[in-house]
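Report on the structure
Listed below are the residues making up each chain.
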There are 2 protein chains.
Amino acid sequence: MEAVFKYLAREQTRFVRELEEYLRFPSVSAQQAHRRDMHACSHWLAQHCRQLGLASEVVATPGHPVVIARTWRGRRPAKPHFLVYGHYDVQPPDPLELWDSPPFAPRRVGKYLYARGSSDNKGQHFAHLKAIEACRKTGTELPCDLTFVIEGEEEVGSANLAGFLEAHRASLRCRAVVISDTGIPDLAHPALTYALRGIAALEVEVRGPSRDLHSGIYGGSVENPALALCAMLAALRDRRGRVAIPGFYDDVVPLTPHERRELRKIPHDDRRYARFLGVPALSGEAGFTATERRTARPTLEINGLTSGYQGEGSKTIVPAWARAKLTLRLVPNQKPQRVARLVTTQLRRLCPSTVRLRVTAGHGAEPYVVSPTGPLAQAALRALHAGFQASPILLREGGSIPIVSDFRRILGVDSLLLGLALPDANAHSPNESFHLDAFAAGMRTSARLWAELAPVASAR
Amino acid sequence: MEAVFKYLAREQTRFVRELEEYLRFPSVSAQQAHRRDMHACSHWLAQHCRQLGLASEVVATPGHPVVIARTWRGRRPAKPHFLVYGHYDVQPPDPLELWDSPPFAPRRVGKYLYARGSSDNKGQHFAHLKAIEACRKTGTELPCDLTFVIEGEEEVGSANLAGFLEAHRASLRCRAVVISDTGIPDLAHPALTYALRGIAALEVEVRGPSRDLHSGIYGGSVENPALALCAMLAALRDRRGRVAIPGFYDDVVPLTPHERRELRKIPHDDRRYARFLGVPALSGEAGFTATERRTARPTLEINGLTSGYQGEGSKTIVPAWARAKLTLRLVPNQKPQRVARLVTTQLRRLCPSTVRLRVTAGHGAEPYVVSPTGPLAQAALRALHAGFQASPILLREGGSIPIVSDFRRILGVDSLLLGLALPDANAHSPNESFHLDAFAAGMRTSARLWAELAPVASAR
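Residues numbered from 1 in each chain as written. Chains lettered and ligands numbered in written order. Predicted model: local features only at pLDDT ≥ 70, side-chain atom pairs only at ≥ 80, totals over all residues.

A closer look at the interface of chain B and chain A
The parts lose accessible area when they come together, and the size of an interface is often stated as this lost area. The line we're drawing: We call two residues in contact whenever the C-beta atoms placed from their backbones are within 7 Å. Starting at the N terminus, helices and strands are each numbered in turn, a helix being any DSSP run of H or I of at least four residues and a strand any DSSP run of E of at least two. All amino acids are sorted into three groups, where Ala, Val, Leu, Ile, Met, Phe, Trp, Tyr, Cys and Pro are nonpolar, Asp, Glu, Lys and Arg are charged, and the leftover types, Gly among them, are polar. Strand pairing is defined by DSSP finding a minimum of two bridges between the two strands.
Each partner contributes residues to the interface: chain B has 68 residues there, and chain A has 68 residues. At nine residues, strand β11 (residues 299-308) of chain B tops the list of elements feeding residues into the side of chain B that touches chain A. For the side of chain B that touches chain A, the per-class residue count stands at 27 nonpolar, 29 polar and 12 charged. As defined by bridge partners, strand β11 (residues 299-308) of chain A adjoins β11 of chain B across five bridges and the pair is classed as antiparallel. Across the sheet, Ser 307 of chain A pairs through a bridge with Leu 305 of chain B, a residue of β11 of chain B.

Structure below.
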């Protein structure tokens, strides 16, 4: 490992130059105009992998192709097999006028490398590729077989990834997936993201009179649908900030004291955070910290409200209907379908007989968790420690990463989320950046990771 | 009176022809294109009044002119003076394609006369003019002096009426104003509308984070402004359907047993009414009938709700803000300003410290009531009885008629609301109509009214 780390340190300048070459491709998956750039970028990546000695190919899909790269020709059954996931497509760079330099002309300022895709996600999966190069060039045998799956549609919903996984299920059979596409609080706090929240979306419509009514002539004799909706939605939360739906918390796995201790290590200051968000004060479920509330506790949010007259001035009506868009963030082991049913049942119970109710369930995503005390997670934490020279922390993320569910559903394996993006990485925003120390630490972590994972993983 | 009634019956056919002539003017005050029609209509009306022997003139205002017509040259101090209010402007006739015949080409079908403005309001004040004609032509001396004030801006808010009243305050000094611009349930139920509700309008805004936040990353740690708004608005009503704002009912004059008995005479069927409005069932404040709730009890209505994402599908955000438009219908002796203050205070009390609240008071109108047992009201009821040959009922109307407050404020007098429009008159809608029996009954009522009013009114 000593030799590998030395090689990484020695070659870092060249790695950055190569990454800059990769970043020059405007591989914007969302825009038809960049179709050729997507093609060129995928082929550049496959070629680069071949130069590292990997068996690489560009695999067509109904959308943008997937680049696949293997450290193996024929699988060695004694060695465990892992996938490394990444994506070579990037977010559109707009609004261009807010960039300090052109998004596809990489620019170094001190320790920061600025370019669209630098953190999200080219730089992060490039670190894994360079770790492989270091192993090869130093004659360090990999204790496992690896397959890189670098897709080109992450920023547009990964619509063809599941089909790709289904089609190549046999050769992708593995022990786990490693993904570097999340964040860390700072360089002194490398992190394993071991849980994600799921989601259940619903639309609620309350219908009253068949048309908007004059509130003078009719007001008082019929229910106001907007007021009925407000009362129903307000009743979905109790005074302690909990979701007031019978059965909602039944499947919630409580946070262990260990997890809560770990979450408390994440740098956080309530007042600074409130100022950052622009709120007078933080809020939420009693008995939990802000970090726990937004990452490890389920929530109910109104995403939108619509009823009656919304223009200037006033219109004296009893509106015919009122609508709300709701999402519930879920934690292990809540199921989106069951939660949508519980919400619907409770809304029906709350709805007065003087109006009509329609609830429509929308998209759903399962929550996700990898046991942070399991052997794979512990191995990853050791690798992070070695790579960053700092004690890693355990993160939960409040959002959902749908591909993680695809990997679990289709390949039956967990994902290890080892992010390298700092809070100021500006992913999806102008002036996206990648910190070169995170790049270096990521390469070291990756080189160490396979040595840590291989012994604890049974071959598969 | 016998001679007058006979004259009215004999001349009815000619009266309808004259009314048709009046209805041919497309006197749409809202549309600049009809400016000449407004001018022509006002001059036709003034000329017609002159033919009846009235001293008539067209008085310019900053907007459309007012037609004034007097039964007197010099006021006779011994005789009481009354105003008759009406308006010669009409609603725009759109949508034209829904009319069965052109809106300004009057058409008779059985007892109905179809034309824009037939009920609202040309036909109704024309009945009063024709009653004067009948008195004059039969040599029946009027026991009072009358001044007709027929304005041209009622359908656009009567913006210049108050100024006109102020400017002519001395000559308009009177005992009461008679207005036929309201409705009756049917020809067997002539009615005196003796009370109107007032109104107080407010806009409520709850602001949370400085921008829409990702509900996955941040949701749970900040208050959702839409949910906070729903909870606040829901708390403004209690389980019995009452407005839950301290002090709100303090100034409400309770309905007397006599009033409640009278209101129960209005033909009404809960199930038929619910079907008409398209609701599964009626709703409202416990302990009151539907008629009482919509005419004689105060209410709180949400007129509009706006927050977050309102398009198709879902957007997983904690919205930055949520807004509601509210109106409260008021009954005597509630004051709009005081009610707006009470609502604001209660909203501030209900608002959590984790969001920011802004309440903006909008327009207000005072509720209105004339004692239904007072001598003027009793005189009007006797006239209605004679005119319709049916027992009149006492109505309260749920809406507001702002001009009534102008008369009270500027001239210090009550208005007697003696409506002639049937429920199928389609005021403000296509195929507006006026029932010719209501026209006839209205003329008889008017002829009788002055004889009934004069003795109970002190000269002024």
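Following the structure, the description resumes.
Remarks on the domain arrangement of chain A
Residue and element names in this part refer to chain A. Cut-off, in case you're wondering: Boundaries of every domain are those given by an automatic assignment or by a domain database.
Domain assignment breaks chain A into domain 1 (2-196 + 367-456) and domain 2 (200-252 + 298-363). Its C-alpha centre places domain 1 at a distance of 41 Å from the equivalent point of domain 2. At the interface, four residues of domain 1 touch five residues of domain 2. Classifying every residue of the side of domain 1 that touches domain 2 by side-chain character gives three nonpolar, one polar and no charged.

Side note on the environment of Ser 307 of chain B
Structurally, the position occupied by Ser 307 of chain B is in strand β11. As for Ser 307 of chain B and Val 318 of chain B, which are separated by 11 residues in sequence, their C-alpha atoms are 9.8 Å apart. Not counting the four nearest positions on each side in its chain, Ser 307 of chain B is found in contact with Ile 302, Gly 304 and Leu 305 of chain A together with Pro 225, Ala 226, Pro 319, Trp 321, Ala 322 and Arg 323 of chain B.

Observations regarding the pairing of strand β2 (residues 66-70) of chain A
Residue and element names in this part refer to chain A. So the rule is basically this: Residues with at least 20 neighbouring C-beta atoms inside 10 Å of their own are called buried, those with 12 or fewer are called exposed, and the rest are partly exposed, where every C-beta is derived from the backbone.
Counting buried positions along β2 yields four of five residues, so the element is predominantly enclosed. Pairing of strand β1 (residues 55-59) with β2 involves five bridges; the strand directions are antiparallel. Following the sheet pairing, Ala 55 is matched in β2 by Arg 70. Hairpin connection from β1 to β2: six residues lie between these consecutive antiparallel strands.

Quick word on the relation of the copies chain B and chain A
Rule in force here: Superposing the copies works by least squares over the C-alpha atoms of residues that have pLDDT at least 70 in both of them.
Superposing chain B onto chain A takes a rotation of 180° plus a shift of 0.2 Å along the axis, which leaves an RMSD of 0.2 Å. Given the turn and translation reported, the copies of this chain are related as if by a two-fold rotation axis. Minimal C-alpha distance to the rotation axis in chain B is attained by Cys 230 of chain B, lying at 2.1 Å. Of the interface residues in chain B, 100% have counterparts in chain A that sit at the interface too, so the contact is made through matching surfaces.

Concerning the sheet that holds strand β4 (residues 107-109) of chain A
Residues and elements named next belong to chain A. Just so we agree on the cut-off: Interaxial angle, 0 to 180 degrees, is taken between N-to-C directions of lines fitted to C-alpha atoms, where a helix line uses only the stretch in contact.
With antiparallel pairing, the three strands of this open sheet are ordered in space as β4-β5-β18. Only two strands of the sheet have a single partner each, and these edge strands are β4 and β18 (433-435). On average, adjacent strands in this sheet sit at an angle of 25° to one another, irrespective of strand direction. Pairing of β4 with strand β5 (residues 112-114), which is carried by three bridges, proceeds in the antiparallel orientation. Within β5, the position partnered with Val 109 by the bridge is Tyr 112. Here helix α3 (residues 118-137) sits on the sheet in contact with β5 and β18, set at roughly 40° to β18.

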